[in-house]
Amino acid sequence: MAKLWESPIYRFKSILQKEVYIDVTTSSSPGLPPNKLLRDTLIPFFKKKKLYRILDFGAGALRHCFPLLDAGFEVCAVEFDEGFSRPSSKRALEEAKKNPNFSALIWPKDFIRDRRRFDAALLFYVLQTMPLEKERQLVLHHLYSKLTQDSYLIYASRYGQITEEDLHHKVADGYYKWPTRAYHSFYREFTTEETHSMMQQHRFIRKRSLGERGTEQIFLYVKGSATWP
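Conventions and cut-offs
Residues numbered from 1 in each chain as written. Predicted model: local features only at pLDDT ≥ 70, side-chain atom pairs only at ≥ 80, totals over all residues. Heavy atoms only, no water. Phe/Tyr/Trp six-rings, centres within 6.5 Å; stacked < 30°, edge-to-face > 60°. Helix = DSSP H or I, 4+ residues; strand = E, 2+ residues; numbered from the N terminus. Buried < 20%, exposed > 50% of the residue type's maximum accessible area, 1.4 Å probe, protein only. Pairing = 2+ DSSP bridges. Disulfide = S-S within 2.5 Å.

(A) Expanded view of the packing of aromatic side chains. Inspection of the entire model under this criterion finds 11 aromatic pairs. Ring geometry for phenylalanine 57 and phenylalanine 111: centres 5.6 Å apart, planes at 70 degrees, overall edge-to-face. Placement of phenylalanine 57 in strand E3 (residues 53-57) and of phenylalanine 111 in helix H5 (residues 109-113) is noted, with a sequence separation of 54 residues between them. Aromatic pair tyrosine 144 and phenylalanine 204: ring centres 5.5 Å apart, planes at 70 degrees, arrangement edge-to-face. Taken together, the positions of tyrosine 144 in helix H6 (residues 133-146) and phenylalanine 204 in the loop between helix H7 (192-201) and strand E11 (205-209) put the pair 60 residues apart, joining distant regions of the chain. For the pair formed by tyrosine 144 and phenylalanine 204, the shared burial category is buried.

(B) Expanded view of the sheet that holds strand E10 (residues 185-187). Strands sit in the order E8-E9-E10 across an open sheet of 3 strands; the sheet is antiparallel. At either end of the open sheet lies a strand with only one pairing partner, and these are strand E8 (170-171) and E10. As paired strands, E8 and strand E9 (residues 174-177) are joined by 2 bridges and run antiparallel to one another. Across the sheet, lysine 170 pairs through a bridge with tyrosine 175, a residue of E9.

(C) Molecular detail of the state of the cysteines. Inspection of every chain in the model, using the stated rule, returns 0 disulfides. Not engaged in a disulfide, the cysteine cysteine 65 finds its nearest cysteine sulfur in cysteine 76; these two sulfurs lie 8.5 Å apart.

(D) Region of the structure containing the pairing of strand E12 (residues 216-223). Taken across its 8 residues, E12 has 8 buried, putting it largely inside the fold. Residue alternation in E12 divides its side chains into two sets, Glu216, Ile218, Leu220 and Val222 and Gln217, Phe219, Tyr221 and Lys223, and both sets are buried. Of the pairings in the sheet, the one linking strand E7 (residues 147-158) to E12 comprises 8 bridges and is antiparallel in character. Across the sheet, alanine 156 pairs through a bridge with isoleucine 218, a residue of E12. Of the pairings in the sheet, the one linking E11 to E12 comprises 4 bridges and is antiparallel in character.

Structure representation (structure tokens):
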């Protein structure tokens, strides 16, 4: 197995002893619209709280960056170099760089070395695509260090997406998707209780749920004494 973050490609053995290659950059879904929560709830909230510097961790094809840029925020997108190199992400990155309020950091070294601090972070559909528990924990550790004291973390995931077929494709503590492909994506479902426990370990305090559907896990966490609304 590769060292932590050495590459977005991971090699595992499935429960059937099949060699499985996971490419975490395949989890990016180009062409999807931004989550409507961003325009309807988060952008007004960020403006009300005067939160100007937003971090989009695991930005993929930047679908959540553009609405924030259009609303006048400073946005920093974080992604693997290989993730930014995918055709859809590369085109989006070229377009975003035209905006002076946009910046990008390559994960992990550039992000870890960067000295800036941010007022809020988006962690949308990221942790459940990471196949190593230690890496998930370190992501939260580094996010905590990059946020200002009275700041917010918005976490999004889904639950109830595992199919009967997926149960035959168990690897690590989750499942690999797209079994006919040479490189698979990874999916790990977290219950609500698991998610809150994981965040609490890294001193993120749960404030409220923002999801509208039972299978949609969108939670607002705070660092320090920040409040809602």
